[in-house]
Amino acid sequence: MTGGRRLVRVDAAGDNLTGPVDTFLKNPVGDGLVLITAGDMAPRSSLRKLFEAAKNALAIPCYEEDQ
């Protein structure tokens, strides 16, 4: 509300966002933080692979607790 860095949050992302995210990572605009969340992503997921290989992105796995 008063300026400063912004956070852009994208929920429920899937492999359909691999192209746009790849384009953004190659040419990021501004100094905001982009947070992308996704459900269960298999190791062969193109979006997961993109984040794991990128130097300016981070993939953090979160696992459901077994009950």
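Look up: the structure comes first, before these words.
What counts as what
Residues numbered from 1 in each chain as written. Predicted model: local features only at pLDDT ≥ 70, side-chain atom pairs only at ≥ 80, totals over all residues. Heavy atoms only, no water. Helix = DSSP H or I, 4+ residues; strand = E, 2+ residues; numbered from the N terminus. Buried < 20%, exposed > 50% of the residue type's maximum accessible area, 1.4 Å probe, protein only. Contact = heavy atoms within 4.5 Å. Areas by Shrake-Rupley, 256 points an atom, 1.4 Å probe, with all protein chains shown as cover. Lys, Arg positive; Asp, Glu negative; His and termini not counted. Charge placed at Lys NZ, Arg CZ, Asp CG, Glu CD. Pairing = 2+ DSSP bridges. Right-handed = clockwise from strand over helix to strand, strands pointing away. Polar contact = N/O pair within 3.5 Å; in protein donor to acceptor, adjacent residues only side chain to side chain. Axes fitted to C-alpha atoms, helices over the stretch in contact; angles between N-to-C directions. Parallel < 35°, antiparallel > 145°, perpendicular 65-115°, else oblique. Left-handed = near helix turned anticlockwise from the far one by under 90°. Nonpolar A, V, L, I, M, F, W, Y, C, P; charged D, E, K, R; others polar.

S.K.: Where do I start with the overall build of the chain in this structure?
M.R.: Looking only at helices and strands, one finds two helices and two strands in the chain. Seen in sequence order, the chain has helices and strands lined up from the N terminus as β-α-β-α. Taken over the C-alpha atoms alone, the chain extends approximately 45 × 30 × 20 Å along its principal axes. Scored against the burial criterion, the 67 residues of the chain give a buried share of 16%. The long-range share in the chain, meaning contacts at least 24 apart out of those at least 6 apart in sequence, stands at 75%. Within the structure as shown, the chain displays about 5,900 Å² of accessible surface, and the carbon and sulfur contribution to it stands at 54%. Positive and negative side-chain charges of the chain, numbering 8 and 9 respectively, have mean locations separated by a distance of 10 Å.

S.K.: Could you clarify how one ought to interpret the pairing of strand β1 (residues 7-13) in this entry?
M.R.: It is a general feature of regular strands that their side chains alternate between the two faces of the sheet. Where β1 lies against strand β2 (residues 33-38), five bridges are found, and the strand directions are parallel. Looking at the pairing, Arg9 lines up with Leu35 of β2. The parallel pair β1 and β2 is bridged by helix α1 (residues 18-26), and the resulting crossover is right-handed.

S.K.: Can you walk me through the side chain of Thr18 in this structure?
M.R.: For Thr18, the position within the fold is in helix α1. Only 2.9 Å separates the side chain of Thr18 from the backbone oxygen of Asp15, close enough to count as a polar contact.

S.K.: Sorry if this is basic, but what is going on with unusual backbone geometry here?
M.R.: Note: most peptide bonds trans; most residues except glycine with negative phi. Although it is not a glycine, Ala12 adopts a positive phi angle of roughly 60°. Along the chain, the position of Ala12 falls in strand β1.

S.K.: When you look at the packing of α1 against helix α2 (residues 46-53) in this model, what are you seeing that I'm missing?
M.R.: Two quantities define a packed helix pair, namely the angle between the helix axes and the distance between the axes. Contact pair α1 / α2: the axes reach a minimum separation of 9 Å and the direction vectors enclose 15°. It follows that α1 is roughly parallel to α2 by the angle criterion. Crossing hand, α1 versus α2: left-handed. Together, Thr18, Val21, Asp22 and Leu25 of α1 and Ser46, Leu47, Leu50 and Phe51 of α2 make up the contact between the two elements. Residues of the contact of α1 with α2, tallied by class, amount to five nonpolar, two polar and one charged.

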